[in-house]
Amino acid sequence: MSTEITKEATIGVLGAGTMGNGIAQVAAGAGHRVILLDANAAVLDKARAIHHQVLDKLVAKGKLTPEAAKANLSRIHYAANLDAFAPCKLVIEAIVEDLDVKRKVFAEIERWVAADAVIATNTSSLSVTSIAAACKQAERVLGVHFFNPAPLMPLVEIIPALQTESTVVQATRQLIDGWGKATVLVRDTPGFIVNRVARPFYGESIRILEERWHGVPEGPAGMATIDWAMKEFGGFRMGPFELMDMIGNDINYTVTETVWKQTYHDPRYRPSLTQKRVVEAGRFGKKTGRGYYDYTNEAVMPEPVKDEALGKKIVDRVVAMLINEAVDALHMGIANRDDLETAMTKGVNYPKGLLRWCDELGADKVLNVLRGLRETYEEDRYRPSVLLKQMAASGQKFHA
Ligand code: NAI
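Residues numbered from 1 in each chain as written. Predicted model: local features only at pLDDT ≥ 70, side-chain atom pairs only at ≥ 80, totals over all residues. Heavy atoms only, no water.

> Honestly, the layout of surface pockets in this entry has me stumped. Any pointers?
Any empty space left between atoms is shown by rolling a water-sized probe over those atoms. Within this model, the largest pocket holds a volume of roughly 1,400 Å³. Contributing elements (two or more residues each) for the lining of the largest pocket: helix H1 (18-29), strand E6 (141-146), helix H7 (194-197), helix H8 (199-211), helix H10 (240-247) and helix H11 (249-262). Sort the elements by how many residues they give to the lining of the largest pocket and H11 lands first, with five residues. The residue inventory of the lining of the largest pocket, partitioned by class, reads 22 nonpolar, 16 polar and seven charged. What the second largest pocket holds in volume is close to 950 Å³. As for the second largest pocket, its lining consists of 31 residues, and the residues nearest its centre are Gly22, Gln25, Val54, Pro151 and Leu152. At the level of elements, H1 and helix H2 (41-60) are the ones that each hand at least two residues to the lining of the second largest pocket. The element best represented in the lining of the second largest pocket is H2, accounting for 10 residues. (1 Å grid on protein atoms, 1.4 Å probe; cavity = no way out; pocket = protein on both sides within 12 Å on 5 of 7 lines; lining within 4 Å. Points joined across faces, edges and corners; volume = space filled by probe spheres on them. Helix = DSSP H or I, 4+ residues; strand = E, 2+ residues; numbered from the N terminus. Nonpolar A, V, L, I, M, F, W, Y, C, P; charged D, E, K, R; others polar.)

> Sorry, what's going on with unusual backbone geometry here?
Of all residues except glycine, most have a negative phi; of all peptide bonds, most are trans. In this structure, the amide linkage connecting Asn148 to the following residue, Pro149, adopts the cis form with an omega of 0°. Counting through the fold element by element, Pro149 comes out in the loop between E6 and strand E7 (155-160). Phi angles above zero are rare outside glycine, and Phe192 is one such case at about 50°. Its place among the elements puts Phe192 in the loop between strand E8 (182-185) and H7.

> Is there a simple way to explain the packing of aromatic side chains in this structure?
Aromatic ring pairs are described here by two measures, namely the spacing of the ring centres and the angle between the planes. Counted under the stated rule, the structure contains eight aromatic pairs. For the ring pair Phe201 and Phe236, a centre distance of 4.9 Å and an interplane angle of 45° mean the geometry is tilted. Here Phe236 lies in the loop between helix H9 (219-232) and H10 and Phe201 lies in helix H8, a separation of 35 residues in the sequence. Classification of Phe236 as buried rests on a relative accessible area of 4%. Ring geometry for Phe201 and Tyr350: centres 5.8 Å apart, planes at 45°, overall tilted. Placement of the pair is Phe201 in helix H8 and Tyr350 in the loop between helix H14 (337-347) and helix H15 (354-361), with a sequence separation of 149 residues. Look at Tyr350 and you get buried, because its relative accessible area is 5%. Through pairs of rings, three or more aromatic residues link up here, namely Phe201, Tyr202, Phe236, Tyr350 and Trp357. Sitting over the face of the ring of Tyr78, Arg48 holds its NZ or CZ atom 4.4 Å from the ring centroid. A cation over an aromatic ring shows up here: Arg207 above the ring of Tyr377, its NZ or CZ 4.9 Å from the ring centre. (Phe/Tyr/Trp six-rings, centres within 6.5 Å; stacked < 30°, edge-to-face > 60°. Buried < 20%, exposed > 50% of the residue type's maximum accessible area, 1.4 Å probe, protein only. Lys NZ or Arg CZ within 6 Å of the ring centre and 35° of its normal.)

Right, dumping it as C-alpha cells:
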C-alpha cells in the first residue's frame, strides 16, 4: 500500500463526542480539511458551537489571529452520512466503546473510502486486531489512541493490529508526530501502555485504604492521607483518589474491569469492590458532585494524617507496583524503553519515567518491596516481573 499522508490530505473523524470533537480540532489546527461525522445532529451542533468557543478564546488570548481562526473553522465540515468520507486519506473512528458496533461501522466505512485510505480506531480498550478483522483490507487498519482532552494532551499511542502493514504504521505515526503530538508504538494488548501500567496507581491505593494498612485512617481521611503522600513523597501532580474523581469513577472502574477480563483475570488487575460500590452509588466524581470526596459547596475536604514514615511507606508500595508493571511491559515486548517512559510522563504526567525511577531506587530495592508484599499476602498480585529479578541480580540499569 502506498500510504504517504500529506498535509493536504482530508481527514475524516467519526463520532463528534468528547474525543472525536477534540481530534477534529487537532487535525484542523494542523491545516487539514476535516470531515466530522456523527449520527446525532444535536451532537454535531454542539461540536460546532464548541469549535467556535475554543477559537474565540484563543483569539481573545492573542494566541491566534481572527483570520487564522476563521480559516481553521472553515476547514471543518460537518456530515451525517458515511459517503462524506469518500475524499479522506485517513479516517479516525471515535464512537461508542463497543466491539460489535465498531466492527460493523468499520466494514461500512470501508465501502466509502478509497482503496488506499487508512482507517484508525481511538478505542481505549478493545482489540484493534478484532476491529481490523471486520475489514476486507485489514492491513490498513490500526489504533491511534488520543488522551482526553485531545487538543491538550500530547500523547498518542499508535497500535498496529496483527494485520497492519508497516507502511501504514509509519505513515500514520509520521502524520500525527507532525501534529505536534508525542507518539509511542504499542503492541495490541489490553490497556495498551498507559491504561495498563497505571492500574496500580489506583488499585493499590484503594487496597491500602481498604486494609487501613499501617494505620491509614478509614474513609475520607485515609484517602486524603494517601493523596497527600503520593504528591508529597511521590511527586505526582494529583493523588489517586483526586485523580479517579476527576477521570470519573465509572470510566476508571470500567477500564480496570476490561483490562482484568482481557488478561484472563490476572490478579494484578483485579477491580476493587470498594470502587464498584462507589460507582453503583452514582458517585462518579467531580462531574456528579460526589466521588470518593464530596464536592458540594458545604462539604469540607478531609485533612490528611501527615505522618512522614507512613507517607513514605505508601509511596514505596504503590511505586514498586507501578515500576513492576512498566518493567513487565518491557519484558513482554509491549513497547520499548523510551516509549514506555514517554507514555507515562506525557499520558498521565508522572514525575519521571518508571524505568528511570527503578534505576534511581535500585531494582533490588523495588524487588524487596514486592517480595515483602508477596510474602505477607501470599497473592499472585505481587509477583515480580522476571525482568525485574534479572535486573536486580545483574545490577544493570535500564538507562545506561
Ligand atoms: P462520546 O460518547 O462522547 O462520543 C461518541 C459519539 O459517537 C456520540 O456523539 C455518538 O452520537 C456517536 N456515534 C455513536 N455511534 C455512531 C455511529 N454508528 N455513527 C456515527 N456516530 C456515532 O464518546 P467518547 O468519550 O468521545 O469516546 C469515543 C471513543 O474514544 C471510545 O472508543 C472511547 O473508548 C475512546 N476514548 C475515550 C476517552 C475519554 O476520556 N472519553 C479517552 C480515549 C479514548
